[in-house]
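Chain by chain, the residues:
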Amino acid sequence: MIDGKTKILGVIGDPIEHTFSPAMHNAGLDALKLNYIYLPFHVKPDRLKECIEGAKAMGIQGLNVTIPHKTNVMKHLDEIDQVASMIGAVNTIQFSYVQDNESSNQDNEINVTTRGFNTDGYGCVRAIEEKTSINDKKVTITGAGGAARAVAFQIANSGIDELSILNRNASKAESLAGDLRTNLETIGIDIGIHAYGIDDLKRELSDSDIFIDTTPIGMYPNVDDKPIASADMLHEDLLVNDIVYTPMETSLIKEAKLANATVVPGYKMLLYQGIRSFEIWLGHEAPVDVMEKALLDVLGI
Ligand SMILES: NC(=O)c1ccc[n+]([C@@H]2O[C@H](COP(=O)([O-])OP(=O)(O)OC[C@H]3O[C@@H](n4cnc5c(N)ncnc54)[C@H](OP(=O)(O)O)[C@@H]3O)[C@@H](O)[C@H]2O)c1
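Residues numbered from 1 in each chain as written. Predicted model: local features only at pLDDT ≥ 70, side-chain atom pairs only at ≥ 80, totals over all residues. Heavy atoms only, no water.

Side note on the pattern of salt bridges
For step 1, the next point in the chain: For the structure on display, the rule yields 16 salt bridges.
For step 2, the next point in the chain: R203 is the salt-bridge partner of D200, the closest N and O atoms lying 3.4 Å from each other. Separated by three residues within a single helix, D200 and R203 lie in helix α7 (residues 198-206), roughly one turn from each other.
For step 3, the next point in the chain: Using a relative accessible area of 41% as the deciding quantity, one classes R203 as partly exposed.
For step 4, the next point in the chain: Here the salt bridges do not stand alone but share partners, grouping K138, E162, D200, R203, E204 and D207 into one network. (Salt bridge = Lys/Arg side-chain N within 4 Å of Asp/Glu carboxyl O. Helix = DSSP H or I, 4+ residues; strand = E, 2+ residues; numbered from the N terminus. Buried < 20%, exposed > 50% of the residue type's maximum accessible area, 1.4 Å probe, protein only.)

Considering the packing of helix α9 (residues 267-282) against helix α10 (residues 288-298)
For step 1, the next point in the chain: Put simply, α9 and α10 touch, their axes get as near as 10 Å, and they point 135° apart. Compared by their axis directions, α9 and α10 come out oblique. Relative to α10, α9 is oriented so that their crossing is right-handed. In contact with Y267, K268, L270, L271, Y272, G274, I275 and F278 of α9, α10 contributes V288, M291, E292, L295 and L296.
For step 2, the next point in the chain: Across the contact of α9 with α10, the residue classes break down as ten nonpolar, one polar and two charged. (Axes fitted to C-alpha atoms, helices over the stretch in contact; angles between N-to-C directions. Parallel < 35°, antiparallel > 145°, perpendicular 65-115°, else oblique. Left-handed = near helix turned anticlockwise from the far one by under 90°. Contact = heavy atoms within 4.5 Å. Nonpolar A, V, L, I, M, F, W, Y, C, P; charged D, E, K, R; others polar.)

Side note on the nonpolar core
For step 1, the next point in the chain: In this structure, I141, I155, L163, L180 and I212 are the most contacted members of the largest nonpolar core, which totals 57 residues.
For step 2, the next point in the chain: By residue number, the principal contributor to this core is α9, which donates ten residues.
For step 3, the next point in the chain: Mapping this core onto the domain boundaries places at least three of its residues in each of domain 1 (7-118 + 269-298) and domain 2 (122-265).
For step 4, the next point in the chain: Ignoring sequence-local partners within four residues, the contact set of I155 consists of V125, I128, I134, V139, I141, I160, L163 and I212. (Core = buried A, V, L, I, M, F, W, Y, C linked by side-chain atoms within 4.5 Å. Domains from an automatic or database assignment.)

A look at the domain arrangement of the chain
For step 1, the next point in the chain: Assigned domains within the chain: domain 1 (7-118 + 269-298) and domain 2 (122-265).
For step 2, the next point in the chain: At the interface, 13 residues of domain 1 touch 18 residues of domain 2.
For step 3, the next point in the chain: Together, the buried faces of domain 1 and domain 2 total about 1400 Å²; carbon and sulfur atoms form 69% of this surface.
For step 4, the next point in the chain: Contact with domain 2 buries area across many residues of domain 1, yet M86, M269 and Y272 alone supply 53% of it, more than any other trio.
For step 5, the next point in the chain: At the junction of domain 1 and domain 2, the tally comes to zero salt bridges.
For step 6, the next point in the chain: Applying the counting criterion to the domain 1 and domain 2 interface returns three residue pairs in polar contact (both at pLDDT 80 or more).
For step 7, the next point in the chain: Those elements that place two or more of their residues in the side of domain 1 that touches domain 2 are α3 (82-87), α9 and α10. (Buried area = accessible area lost by both parts, 1.4 Å probe. Polar contact = N/O pair within 3.5 Å; in protein donor to acceptor, adjacent residues only side chain to side chain.)

Right, here's the structure in full:
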C-alpha cells in the first residue's frame, strides 16, 4: 500500500511506455515487502537537467536511465563509477541523502549526492556465467554500439583470453578496441578487430568459446533476420548469447539450438542488469526468481 513513507524508484527515457522494468522491480519490492514503488517517467532530452534536479528535490531514491539519456545524463551527476566512466554511459543512478547537522540553517540542510553506474555489461556477464566460466575464453562480439561497449568493457575485465569484435562500420569497432586497450592496458588480452562479414564471422567463431550478438538483427518485427548464414557456422562447444529479447527466441538462438550450442536468451541480460540496479539502490540481495518470473510474464513468455 502506498502511504506517506513510500519511497520512489523509477526509469527515465524517451520513449518510455514500452519499458519492462516496472513489472520486474515492483515484483521484487513486493516480494521483500519494501515500502517502495518503481515508476516510468517520460523525460525529453531538453528536460534532463531539470529531471535530475527535480528527482533530488523530491527525494527519489534511484533511477534507471534508458535511451536516449545514458550518456548525456553523466554531466548532471556528482560521481561516476569507474566501469560506467570507461563505458561512457550510465543506466543506474543512486541518490544518497545526508542530513547536514553542521549547517547554519536551522532546518538542517539535506545534502544529496548522485552516483552513476552501468549495470548492462554486468547483466550480460552474469547471464553467461550461469552457463559457463568466462575465464581464459575467446569471446567474439558482433556490433560496436552502446550495448557492445558495455558488454565489451565488462567482459574484457572478467578474465577472458581473447576478444574479437566485428562491426559493419569498421571505424566504430576500431574506436571501441582503442578505448579498451587504453583503459584496460594492464589486462593483456588479445583484442582483434574485423569487418562484419559472413566469412570473417565464420572464421572467428570457429575457435571461439562465446559468441555475443549485440546488433539489433532479428529484433521484432524483423524476426527472420540473423547475423549468421546458418547453423553450420556454430559448433556445440560454443555459447551463443543474443542480447535481443523481442522475440525471446530469435532466429540466431534457433540456429544455435540446431547446432547443439549452449544458448543464453537476451532477456537474461535485461534481468541481471535490473538485479544489479536493485541491489545498488537497496543494499539488499534481490529476489531473482520473483523478478525473473515477473519479467517473463510482462514479455508474454
Ligand atoms: N538484453 C538487454 O538487456 C539489452 C540491453 C541493451 C540493448 N539491447 C539490444 O541490443 C541491440 C543494440 O542496442 P545498442 O544500444 O547497442 O544499439 P546501437 O548503439 O544503435 O548499436 C547497434 C550496433 O549494431 C550494428 N548493426 C545494426 N544493424 C545492423 C545490421 N543490419 N547488420 C550489421 N550490423 C548492424 C551497428 O553497426 P554500425 O556501427 O555499422 O551501424 C551497431 O554497431 C538492440 O536490439 C537493443 O534492444 C539489449
